[in-house]
Amino acid sequence: MALSIDFTHLDSMIPPAERRRIAPEILSAQRTLLDRSGAGNDFLGWVDPAALNSPQDLSRLEACAKRLAAQSGAVLVVGIGGSYLGARAAVEYLVSPMYNSIPKQTPDLWFVGNDVSASHLSDVLAACRDKEISVIVISKSGTTTEPAVAFRILKKELARRYGAGAASRVVAVTDKARGALLTMARAEGYETFVIPDDVGGRYSVLTPVGLLPIALAGADIRGLLSGAADAAAYCASPDFDSNLCLQYVAARHLLLRAGRSVELFCGWDPCFTMTAEWLKQLFGESEGKQHKGLFPASAGFTTDLHSLGQFIQDGSRVLFETVVSIGEDTASLSVEAEQGDPDGLNYLAGMSLGEINHRAQRAVALAHQAGGTPSMILSTPSRSAYEYGWMLYFFEFACGVSGYALGVNPFDQPGVEDYKKNMFALLGKPGYEALAAQLSNK
């Protein structure tokens with residue numbers, strides 16, 4: 001196993017016997033997922049990560065990443081939601097949250113098209129002014145407003161810089177058979193990779209959607225997939241008492257029933273910040289339906305202890321914490337003794353920052369438990385690609401089972417579609433005239 005869970009700081013509120021009591025309904029939801037018999041079962045391609053990428057496609061993807069890296073000082077990745085969160089999360093976790101600032105042999109990666117901020121895109125283009133650039137555009141349809149607008153602007157920039165050679169600097173990750181982006185890619189001659197029909201955006205990090213940018217950053221995508229495959233075998237076990245994923249699902253549901261409606265995903269290293277953002281989309285879009293579900297939030301410790309710590313410790317009792325603890329730091333720094341002890345820190349002399357961080361984790365868990373905020377601590381030994389792939393799949397599987405246990409379809413997002421329709425209408429998109437008239441009267 002690449003992941004363990006400490007339930008110690010939960011047991012006083014949700015004891016093991018209570019989690020075991022609802023095991024039958026959690027196991028039923030697990031069977032619904034694995035049997036592919038529930039709502040949204042046409043979006044379960046991610047359940048078997050070993051089948052997501054053929055050996056030929058994986059080799060072609062790695063060759064494409066090598067080609068883009070050879071011709072680019074910076075690659076702009078265009079996408080929104082699941083089309084960028086998983087990739088960015090993996091790059092920051094496996095390489096560095098300061099990826100674009102550190103010395104490296106791989107190109108800078110800029111994630112754009114996830115907002116409509118003119119200043120943001122302008123700043124990215126300015127940062128790439130003196131670098132050779134390429135673009136990866138990720139969209140099932142090619143018509144989602146934010147990435148489509150960004151890509152139109154970037155196409156113009158590529159044409160200005162490279163003329164007829166611009167097409168060799170674009171890779172499209174899109175539908176295999178239809179859509180505006182696929183039509184454009186065929187007309188222009190872009191290299192393409194397929195977003196599987198049976199994998200939704202927030203579950204797509206282990207498809208070319210995530211793997212191409214991750215490979216560009218020099219991370220081990222085969223190790224990532226290997227970890228996910230092993231996690232899939234583990235999570236499929238029907239033995240509730242040995243399956244930590246099912247126990248985690250049971251704990252979340254019991255906490256929700258006890259009035260804890262907010263799950264705070266907490267990390268103790270900045271490398272986890274974007275993974276928490278990915279988790280917020282994964283659980284928020286999957287469970288937040290029919291007025292049900294936990295609200296996913298996030299915090300980065302120790303930083304946010306100086307802003308949110310007071311509320312967590314002493315505020316309204318609406319939340320619980322799911323903490324991710326990384327065992328081994330990728331760097332080694334220690335506190336040295338100073339003559340005269342001017343800052344009073346000589347008591348830490350000889351102690352590594354990693355050890356200080358882990359002792360802080362224990363101190364905070366004990367304080368929050370005493371204050372009435374329960375937590376579950378998920379620990380992984382290091383930041384290896386294998387262990388990260390294991391963690392990603394663990395959360396994906398937990399999310400699917402949780403959705404079915406709640407009685408919702410974990411694989412659609414009707415609320416997101418509502419805002420998109422309104423936006424199309426207010427922007428004057430053809431076909432939305434009637435809705436625009438309705439909205440103008442509100």
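Calculation criteria
Here the residue index of a chain counts from 1 through its sequence in written order. Given that this is a predicted model, residues contribute local features only at a pLDDT of at least 70 and side-chain atom pairs are listed and counted only at 80 or more, while totals for whole chains, interfaces and linings are drawn from all residues. The basis for the side-chain values is all heavy atoms of the structure; hydrogens and waters are excluded. Elements are defined by DSSP. Helices are runs of H or I of four residues or more, strands are runs of E of two residues or more, and each kind is numbered from the N terminus. Here the radius of gyration uses the C-alpha set of atoms, whereas the globule reference equals 2.2 Å times the residue count to the power 0.38. Residue exposure (1.4 Å probe, protein chains only): buried if accessible area is under 20% of the type maximum, exposed if over 50%, otherwise partly exposed. Whether two residues are in contact is decided by their heavy atoms: any pair within 4.5 Å suffices. Only the protein chains shown count as cover for residues, and all accessible areas are computed by the Shrake-Rupley method using a 1.4 Å probe. For the purpose of counting charges, residues Lys and Arg are taken to be positive, whereas Asp and Glu are taken to be negative. His and the chain ends are not included. Charge positions are represented by NZ for Lys, CZ for Arg, CG for Asp and CD for Glu. We define a polar contact as two N or O atoms separated by no more than 3.5 Å, with the added condition that, inside protein, one atom must be a possible hydrogen donor and the other a possible acceptor, whereas residues neighbouring each other in sequence contribute only through side-chain atom pairs. Should DSSP find at least two bridges between two strands, the strands are taken to pair. An axis is simply a line fitted to the C-alpha atoms; with a helix, the fit covers only the stretch in contact. Between two such axes, the angle follows the N-to-C directions and lies from 0 to 180 degrees. Cavity and pocket criteria rest on a 1 Å grid covering protein atoms alone: a 1.4 Å probe that fits but cannot get out defines a cavity, protein on both sides within 12 Å along at least 5 of 7 lines defines an open pocket, and an atom within 4 Å of a point defines a lining residue. Grid points are joined across faces, edges and corners, and a volume is the space filled by probe spheres set on the points. Note that Gly is not counted as nonpolar here; it falls among the polar residues with everything else outside the nonpolar set of Ala, Val, Leu, Ile, Met, Phe, Trp, Tyr, Cys and Pro and the charged set of Asp, Glu, Lys and Arg. Throughout, right-handed denotes a crossover for which the path from the first strand over the helix to the second runs clockwise when the strands point away from the viewer. What we call a nonpolar core is a set of buried Ala, Val, Leu, Ile, Met, Phe, Trp, Tyr and Cys residues that are connected through their side-chain atoms within 4.5 Å. Rotating anticlockwise by less than a right angle from the far helix to the near helix defines a left-handed crossing, while the corresponding clockwise rotation defines a right-handed one.

Peer 1: Whenever I open this one, the overall build of the chain confuses me. Can you help?
Peer 2: In terms of regular secondary structure, the chain is built from 16 helices and ten strands. The C-alpha atoms of the chain give a radius of gyration of 23 Å, which matches the 22 Å a tight globule of 442 residues would have. Taking the principal axes of its C-alpha atoms as reference, the chain extends roughly 65 × 60 × 50 Å. Looking at the chain as a whole, 50% of its 442 residues are labelled buried. Counting only contacts in the chain whose residues sit at least 6 apart along the sequence, the fraction spanning at least 24 positions is 78%. When the accessible surface of the chain is split by element, carbon and sulfur atoms take 54% of a total near 19,300 Å². Taking the average place of the 38 positive charges on the side chains of the chain and the average place of its 47 negative ones, the gap between the two points comes to 7 Å.

Peer 1: Any chance you could explain the side chain of Asp 175 here in plain terms?
Peer 2: By secondary structure assignment, the location of Asp 175 is in the loop between strand S5 (170–174) and helix H7 (180–188). Judged by its relative accessible area of 4%, Asp 175 falls in the buried class. Within the local environment of Asp 175, its side chain forms a polar contact with the side chain of Lys 140, the two groups lying 3.2 Å apart. Within the local environment of Asp 175, its side chain forms a polar contact with the backbone nitrogen of Ala 177, the two atoms lying 2.8 Å apart. Look past the residues within four positions of Asp 175 in its chain and what remains in contact with it is Ser 139, Lys 140, Leu 182 and Asp 197.

Peer 1: Would you mind showing me how to read the sheet that holds strand S8 (residues 295–300) here?
Peer 2: Sheet strands pair by backbone hydrogen bonding; their relative direction is either parallel or antiparallel. The strand order across the open sheet built from five strands is S1-S10-S9-S7-S8, with neighbouring strands paired in mixed fashion. Single-partner strands in this sheet number two, and they are strand S1 (4–6) and S8. On average, each strand axis in the sheet is tilted by 25° relative to the strand beside it, whichever way the strands run. Where strand S7 (residues 262–267) and S8 come together, six bridges link them in parallel fashion.

Peer 1: Would you explain empty space enclosed by the protein in this entry?
Peer 2: To locate leftover empty space, one rolls a probe as large as a water molecule over the atoms. Counted by the stated rule, this structure contains one cavity of 30 Å³ or more. In this structure, the largest cavity encloses a volume near 30 Å³. Around the largest cavity, the lining residues are Arg 252, His 253, Leu 256, Glu 287, Gly 293, Leu 294 and Leu 406. Looking at the lining of the largest cavity, the element that brings in the most residues is helix H10 (residues 244–257), giving three residues. Class assignment for the residues of the lining of the largest cavity results in three nonpolar, two polar and two charged.

Peer 1: What exactly am I supposed to notice about the layout of surface pockets here?
Peer 2: Its volume calculated, the largest pocket comes out at about 910 Å³. Lining the largest pocket are 36 residues, with Lys 140, Thr 144, Gly 201, Gln 413 and Lys 420 positioned closest to its centre. Those elements giving two or more residues to the lining of the largest pocket turn out to be helix H6 (145–162), helix H11 (273–287) and helix H15 (414–427). With five residues, the top contributor of residues to the lining of the largest pocket is H15. In terms of residue class, the lining of the largest pocket is built from twelve nonpolar, 13 polar and eleven charged.

Peer 1: What am I meant to see in the environment of Val 335 here?
Peer 2: As for its position among the elements, Val 335 is in the loop between strand S9 (319–326) and helix H13 (353–371). Sequence-wise, Val 335 and Ser 352 are 17 residues apart; in three dimensions their C-alpha atoms are separated by 6.3 Å. If we skip the residues at most four places from it in the chain, Val 335 touches Leu 345, Leu 348, Ala 349, Gly 350, Met 351, Leu 353 and Ile 356.

Peer 1: So what exactly am I meant to see when it comes to the side chain of Asn 409 here?
Peer 2: Topologically, Asn 409 is positioned in the loop between helix H14 (385–406) and H15. For Asn 409, a relative accessible area of 17% corresponds to the buried category. A distance of 2.9 Å separates a polar side-chain atom of Asn 409 from the backbone nitrogen of Phe 411. Aside from chain neighbours lying at most four places away, what touches Asn 409 is Ala 39, Gly 40, Ser 286 and Lys 289.

Peer 1: I keep staring at the pairing of strand S2 (residues 74–78) and nothing clicks. Help me out?
Peer 2: When you tally the buried positions in S2, you get five out of five residues, the bulk of the element. Relative to strand S3 (residues 108–112), S2 is paired through five bridges, and the arrangement is parallel. If you follow Val 75 over to S3, its bridge partner there is Leu 109. Tracing the backbone out of S2, into helix H4 (residues 85–94) and back to the parallel element S3 gives a crossover that is right-handed.

Peer 1: Which parts of the structure should I look at to understand the nonpolar core?
Peer 2: The tendency in soluble globular proteins is for nonpolar side chains to be buried as a group. If you look at the biggest cluster of nonpolar residues, it comprises 99 residues, and the most contacted ones within it are Ile 136, Met 376 and Phe 395. Among the elements that take part in this core, H14 stands out by supplying 13 residues, more than any other. Contact partners of Ile 136, with chain neighbours within four places excluded, come to Leu 68, Val 75, Leu 76, Val 77, Val 78, Val 171, Val 173, Leu 212 and Leu 216. Membership of the second largest hydrophobic core comes to 23 residues, among which are Ile 133, Val 137, Phe 151 and Ala 167.

Peer 1: Please clarify how the sheet that holds S2 should be interpreted in this entry.
Peer 2: On the basis of which strands lie adjacent, the open sheet formed by five strands has the order S3-S2-S4-S5-S6 and parallel pairing. A strand with exactly one partner marks an edge of an open sheet, and here the two such strands are S3 and strand S6 (191–194). Each adjacent strand pair in this sheet contributes to an overall mean axis angle of 20°, direction not counted. Where H7 meets the sheet, its contacts fall on strand S4 (133–138), S5 and S6, and the angle it forms with S5 comes to roughly 145°.

Peer 1: It is not clear to me how the packing of H4 against H14 should be interpreted in this structure. Could you clarify?
Peer 2: Angle between the axes and distance between the axes: these two values describe a pair of packed helices. At a closest axis distance of 11 Å, the pairing of H4 and H14 adopts a crossing angle of 140°. H4 and H14 meet at a crossing whose hand is right-handed. Contacts between H4 and H14 involve Ala 89, Ala 90, Tyr 93 and Leu 94 from the first element and Ala 385, Tyr 388 and Met 391 from the second. Across the contact of H4 with H14, the residue classes break down as seven nonpolar, no polar and no charged.

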